[in-house]
Amino acid sequence: ASDVYKRQGLRALFLGDLPAQRDGVLAALAAGDADGAKALLHRLRGACGFVGAAALSEAARHLGSAPGDAGARADFERRVAELLAPGDSVAAEPG
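Residues numbered from 1 in each chain as written. Predicted model: local features only at pLDDT ≥ 70, side-chain atom pairs only at ≥ 80, totals over all residues. Heavy atoms only, no water.

Can you walk me through a nonpolar patch on the surface in this structure?
A contiguous nonpolar surface patch, about 350 Å² in accessible area, is contributed by L10, L13 and F50. In this fold, F50 is placed in helix 2 (residues 34–51). (Patch = residues over 30% accessible without salt bridge, like charges linked within 9 Å, V, L, I, M, F, W, Y side chains within 5 Å. Areas by Shrake-Rupley, 256 points an atom, 1.4 Å probe, with all protein chains shown as cover. Salt bridge = Lys/Arg side-chain N within 4 Å of Asp/Glu carboxyl O. Helix = DSSP H or I, 4+ residues; strand = E, 2+ residues; numbered from the N terminus.)

Mind showing me how you'd approach the packing of helix 2 against helix 3 (residues 54–65) here?
Describing two packed helices takes the angle between their axes plus the distance from one axis to the other. Between helix 2 and helix 3, the shortest axis-to-axis distance is 9 Å and the interhelical angle comes to 160°. Taken together, helix 2 and helix 3 sit at an angle that is classed as roughly antiparallel. Along this stretch, helix 2 crosses helix 3, giving a crossing that reads as left-handed. On helix 3, the residues that touch K38, L41, L44, R45 and C48 of helix 2 are L56, S57, A60, R61, L63 and G64. Here the contact of helix 2 with helix 3 is built from residues that sort into 6 nonpolar, 2 polar and 3 charged. (Axes fitted to C-alpha atoms, helices over the stretch in contact; angles between N-to-C directions. Parallel < 35°, antiparallel > 145°, perpendicular 65-115°, else oblique. Left-handed = near helix turned anticlockwise from the far one by under 90°. Contact = heavy atoms within 4.5 Å. Nonpolar A, V, L, I, M, F, W, Y, C, P; charged D, E, K, R; others polar.)

Sorry if this is basic, but what is going on with the pattern of salt bridges here?
In a structure, side chains of opposite charge can pair up when their charged atoms sit close to one another. One pass over the full model with this rule turns up 7 salt bridges. Here R78 makes a salt bridge to E82, at a shortest N to O gap of 3.1 Å. Residue R78 and its partner E82 are both found in helix 4 (residues 70–84); the two are separated by 4 residues, about one turn of the helix. The class of R78 is partly exposed, set by a relative accessible area of 40%. With a relative accessible area of 34%, E82 lands in the partly exposed category. Via salt bridges that share partners, D75, R78, R79 and E82 belong to a single interconnected network. (Buried < 20%, exposed > 50% of the residue type's maximum accessible area, 1.4 Å probe, protein only.)

Take a look at the structure:
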């Protein structure tokens, strides 16, 4: 049972920090700082691994490999929004 509580705690921390991480990535992209965005996305992907947020991890990977791609950015923003929506879809994601 303690593993379940630890995982729930990690999810709560992850979701609490996700808006700031998203904003940091988007600010770096808006400033033309692709390297900064890639570093933030790399860190975010690591956090995704701990909570099973596979879809966001993949969106972050794609955006990191193509930081100027509007579609990759839109997918990243959509995946973040899905996780921040009521109901914590991290728990529903396989992985």
